Amino acid sequence: MKKIAVLTGAGISAESGLKTFRDSDGLWEGYNIEDVATPEAWRRNPKLVQDFYNERRKNVLAAQPNAAHYALAKLEEKYDVTIITQNIDDLHERGGSSKVVHLHGIITRSQSSKNPKLTYPINGWEIKMDEVCELGSPLRAHVVWFGEEVPMIETAAQICTQADLFILVGSSLAVYPAAGLVNYVPRGVPKYIVDPKIPELNQNSSFIKIQEKATVGVPALVSQLLITD
Ligand code: APR
């Protein structure tokens, strides 16, 4: 089976009602990223950070996968598909994709504030301030903040190295190390990009560009890939 690596960003979940990061005036749900998505923010004001991610989790649980998530799951009928997502939502899983690598964590789990390897399922939508991990440290959202390591990056790079076909959906590729993954895709491997606003890439010319929203462009591309070899 041919291997397809798909790198997704916030744009794929936009039509499920979850906001992207950089489409709206530099703010994320009304906050500066530095006030909510950094280790410093957590040290300074853990309650603000916890409340912020509890709200995001509530939105994620209320959201549904869209036609783009479902189409990528359907692609598994004919291909060995691995999704590498920068998103912290679980819409790829709920859309039926079986192999999903979360580069920036997943908001439906909690994480020890002492050891990031200790993660737990969350009962409901809220992590409470008095909840602790097995080491006795407070629990926080299982997401990678700015300034933190991205433990899954090597796994993701390996997947890109082995791909026979690469698809990028809904990411501005503004954030490293995720943005560098494109460089691991071997030369000569067909590369597609689906985005209503095609981002500037240093390998721009080697991409086949589908300038559409995810719910239009991804199902169309998947249909085409399912009928060709
Ligand atoms: N369909 C497809 N793409 C869309 C849609 C849509 N309906 N709407 C917007 N987009 C595109 C935008 O044109 C943009 O290129 O999605 C992209 C969103 O880019 P960003 O907001 O920068 O999101 P992303 O690339 O996922 O951000 C990466 O930054 O803040 C961090 O950790 C966070 O994972 C996140 C990372």
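Our structure is the block above this text.
Residues numbered from 1 in each chain as written. Predicted model: local features only at pLDDT ≥ 70, side-chain atom pairs only at ≥ 80, totals over all residues. Heavy atoms only, no water.

Engineer: Account for the overall build of the protein chain, naming residues and giving values.
Structural biologist: The secondary structure content of the protein chain amounts to eight helices and nine strands. Seen through its principal axes, the protein chain has C-alpha atoms that stretch 55 × 35 × 30 Å. A separation of at least 24 residues holds for 64% of the contacts in the protein chain among residues at least 6 apart in sequence. Looking at the protein chain as shown, the accessible area adds up to about 11,300 Å², and 51% of this sits on carbon and sulfur atoms. Each charge class in the protein chain was averaged separately, 24 positive and 27 negative side chains, and the resulting centres sit 2 Å apart. (Helix = DSSP H or I, 4+ residues; strand = E, 2+ residues; numbered from the N terminus. Contact = heavy atoms within 4.5 Å. Areas by Shrake-Rupley, 256 points an atom, 1.4 Å probe, with all protein chains shown as cover. Lys, Arg positive; Asp, Glu negative; His and termini not counted. Charge placed at Lys NZ, Arg CZ, Asp CG, Glu CD.)

Engineer: With reference to specific residues and values, describe the sheet that holds strand 7 (residues 165-169).
Structural biologist: Hydrogen bonds between backbone atoms are what pair the strands of a sheet, whose relative direction is either parallel or antiparallel. Across the sheet, which stays open at both edges, the six strands sit in the order 3-2-1-7-8-9 with parallel pairing between neighbours. The sheet is open, and its two edges are formed by strand 3 (100-102) and strand 9 (207-210), each paired on a single side. On average, each strand axis in the sheet is tilted by 20° relative to the strand beside it, whichever way the strands run. Examined bridge by bridge, strand 2 (residues 80-85) and strand 3 share three bridges and lie parallel to one another. Within strand 3, the residue paired with Ile-83 across the bridge is Val-100. Packing against the sheet, helix 8 (residues 214-227) makes contact with strand 1 (3-8), strand 7, strand 8 (191-194) and strand 9, and its axis sits at approximately 150° to strand 8. (Pairing = 2+ DSSP bridges. Axes fitted to C-alpha atoms, helices over the stretch in contact; angles between N-to-C directions.)

Engineer: Could you give an account of the site of the ligand, with specific residues and numbers?
Structural biologist: Contacts to the ligand come from 22 residues, most closely from Phe-21, Arg-22, Ser-171, Ser-172 and Asp-195. Here an oxygen atom of the ligand and a backbone polar atom of Gly-170 are 3.3 Å apart. Burial of the ligand by the protein amounts to 93% of the accessible area it has alone, namely 740 Å². With respect to the pocket detection grid, the ligand is positioned in the largest pocket. (Near = heavy atom within 4 Å. Polar contact = N/O pair within 3.5 Å; in protein donor to acceptor, adjacent residues only side chain to side chain. 1 Å grid on protein atoms, 1.4 Å probe; cavity = no way out; pocket = protein on both sides within 12 Å on 5 of 7 lines; lining within 4 Å. Sits in = over half its atoms within 2 Å of the grid points.)

Engineer: Explain the environment of Cys-133 to me, using residue names and the numbers behind them.
Structural biologist: Within the secondary structure, Cys-133 sits in the loop between strand 5 (119-121) and strand 6 (139-143). Overall, Cys-133 belongs to the buried group, its relative accessible area being 5%. Taking the C-alpha atoms as reference points, Cys-133 and Tyr-120, separated by 13 residues in sequence, lie 8.5 Å from one another. Setting aside chain neighbours within four positions, we find Cys-133 in contact with Ser-112, Tyr-120 and Leu-139. (Buried < 20%, exposed > 50% of the residue type's maximum accessible area, 1.4 Å probe, protein only.)

Engineer: Please give an account of the nonpolar core that cites residues and values.
Structural biologist: Core analysis: the biggest nonpolar cluster contains 24 residues, and Ile-84, Leu-103, Phe-166 and Leu-181 have the highest contact counts within it. Those elements giving two or more residues to this core turn out to be strand 1, helix 7 (153-161) and strand 7. Top element by residues in this core is helix 7. It accounts for five residues. One finds Leu-75, Ile-83, Ile-167 and Ala-214 within the second-largest nonpolar core, a separate group that totals 21 residues. (Core = buried A, V, L, I, M, F, W, Y, C linked by side-chain atoms within 4.5 Å.)

Engineer: Could you give an account of the packing of aromatic side chains, with specific residues and numbers?
Structural biologist: Scanning the entire structure with this criterion turns up five aromatic pairs. Aromatic pair Tyr-31 and Phe-52: ring centres 5.0 Å apart, planes at 75°, arrangement edge-to-face. Of this pair, Tyr-31 sits in the loop between helix 1 (11-14) and helix 2 (33-36) while Phe-52 is found in helix 4 (residues 46-62), placing the two residues 21 residues apart along the sequence. Residue Phe-52 is classed as buried on the basis of its relative accessible area of 2%. Aromatic pair Phe-166 and Phe-207: ring centres 6.4 Å apart, planes at 70°, arrangement edge-to-face. (Phe/Tyr/Trp six-rings, centres within 6.5 Å; stacked < 30°, edge-to-face > 60°.)

Engineer: Provide a residue-level description of the layout of surface pockets, including the pertinent values.
Structural biologist: Considered as a void within the structure, the largest pocket measures approximately 850 Å³ in volume. Along the wall of the largest pocket there are 41 residues; nearest its centre are Ala-10, Phe-21, Arg-22, Ser-171 and Ser-172. Residues belonging to the lining of the largest pocket are distributed by class as follows: 24 nonpolar, nine polar and eight charged. The two domains that each donate at least three residues to the lining of the largest pocket are domain 1 (1-18 + 65-104 + 150-229) and domain 2 (19-62 + 105-143). In this structure, the second largest pocket occupies an estimated 530 Å³ of space. In terms of lining, the second largest pocket is formed by 25 residues, of which the most central are Gln-111, Pro-116, Val-144, Glu-149 and Pro-151. Contributing elements (two or more residues each) for the lining of the second largest pocket: helix 3 (39-44), strand 3, strand 4 (105-112) and strand 6. When residues in the lining of the second largest pocket are grouped by element, the largest group, four residues, is from strand 4. (Points joined across faces, edges and corners; volume = space filled by probe spheres on them. Nonpolar A, V, L, I, M, F, W, Y, C, P; charged D, E, K, R; others polar. Domains from an automatic or database assignment.)

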